[in-house]
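One letter stands for each residue in the lines below.
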Amino acid sequence: MPMNHDSEQTPEPRAQRPVGPDALKALSHPLRIQILDLLGHHSALTASGLAELLGESSGATSYHLRQLERHGFVQEVPGRGTARERWWERAPGGFTIELPDDASASGGDSQANVIATLAINREFEAMRQRKIMDFLDGARTLDRTWLESGATLATINMWLTKEQLAEVQAEWQRFSDTVLDRFAGQQDTPGARPVQVHFNAFPLINGKENPS
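Draft legend 1. Focus on the nonpolar core. Leu-27 and Phe-73 are the most contacted members of the largest nonpolar core, which has 25 residues in total. Elements with a contribution of two residues or more to this core: α1 (21–27), α2 (30–42), α3 (47–54), α4 (58–70), β6 (94–98) and α5 (108–138). The element that contributes the greatest number of residues to this core is α2, accounting for six residues. The contacts of Leu-27, once residues within four sequence positions are left out, are Arg-32, Ile-33, Leu-36, Leu-68, Phe-73, Phe-95, Ile-97 and Ile-120.

Draft legend 2. Inspection of a nonpolar patch on the surface at higher detail. On the surface, a cluster of nonpolar side chains totalling about 460 Å² of accessible area is made up of Ile-156, Met-158, Leu-160, Val-168 and Phe-199. With respect to the helices, strands and loops of the structure, Val-168 is situated in helix α7 (residues 162–178).

Draft legend 3. The arrangement of the confidence of the model for the chain in detail. Of the residues in the chain, 88% reach a pLDDT of 70 or more, and the chain-wide mean stands at 86. This stretch, residues 9–13, has a pLDDT under 50; its non-local contacts, to residues over four places away or in other chains, come to eleven contacts.

Draft legend 4. Just the sheet that holds strand β5 (residues 86–90), in detail. Across the sheet, which stays open at both edges, the three strands sit in the order β3-β5-β4 with antiparallel pairing between neighbours. The strands lining the two open edges of the sheet, one partner per strand, are β3 (45–46) and β4 (74–81).

Parameters and conventions
Residues numbered from 1 in each chain as written. Predicted model: local features only at pLDDT ≥ 70, side-chain atom pairs only at ≥ 80, totals over all residues. Heavy atoms only, no water. Core = buried A, V, L, I, M, F, W, Y, C linked by side-chain atoms within 4.5 Å. Buried < 20%, exposed > 50% of the residue type's maximum accessible area, 1.4 Å probe, protein only. Helix = DSSP H or I, 4+ residues; strand = E, 2+ residues; numbered from the N terminus. Contact = heavy atoms within 4.5 Å. Patch = residues over 30% accessible without salt bridge, like charges linked within 9 Å, V, L, I, M, F, W, Y side chains within 5 Å. Areas by Shrake-Rupley, 256 points an atom, 1.4 Å probe, with all protein chains shown as cover. Salt bridge = Lys/Arg side-chain N within 4 Å of Asp/Glu carboxyl O. pLDDT = per-residue confidence, 0-100. Pairing = 2+ DSSP bridges.

Structure, rendered in structure tokens:
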């Protein structure tokens, strides 16, 4: 099962690139994941801008940006910046990280990939949860029209078969392709601000499957 990590939406098709072992190893650093996350909702930043947001040195963020660029996660913004001040953005599209299958992880390298995969997906999920907490804590500071326009946090508990869960996921993908893609590339649209849309659908590990 792949875990999708989209970049900021752009008008181009959002190809989902599978992450190979070398790129997986390069990504398995919390600061690099935080850099990707910040670039996702700030659109573009310099190494010094990232350093200020992360409380790191610009030398550290520059180093991690170069590693991310090497593996295709970020790129320089075309036509922007100077030799001294380079602007960075996430590479177009997103990427997928397959959840590890312990049955196929027999060698040392495979075990290292399992550990890296779990660490990366946990860090991405932890950042998503922090954003929800920030929203709950700071909602009162927002213009009321943003809250009344449809901001919502929803959890739905259901019993589904594997086939029905696949149908739910397919409907989400159809919605993403037909609705969300219409609003891609709006970084400079007057009145727009960064918004995150979450969709999670997964079997509960502590649940039991009914007999067929």
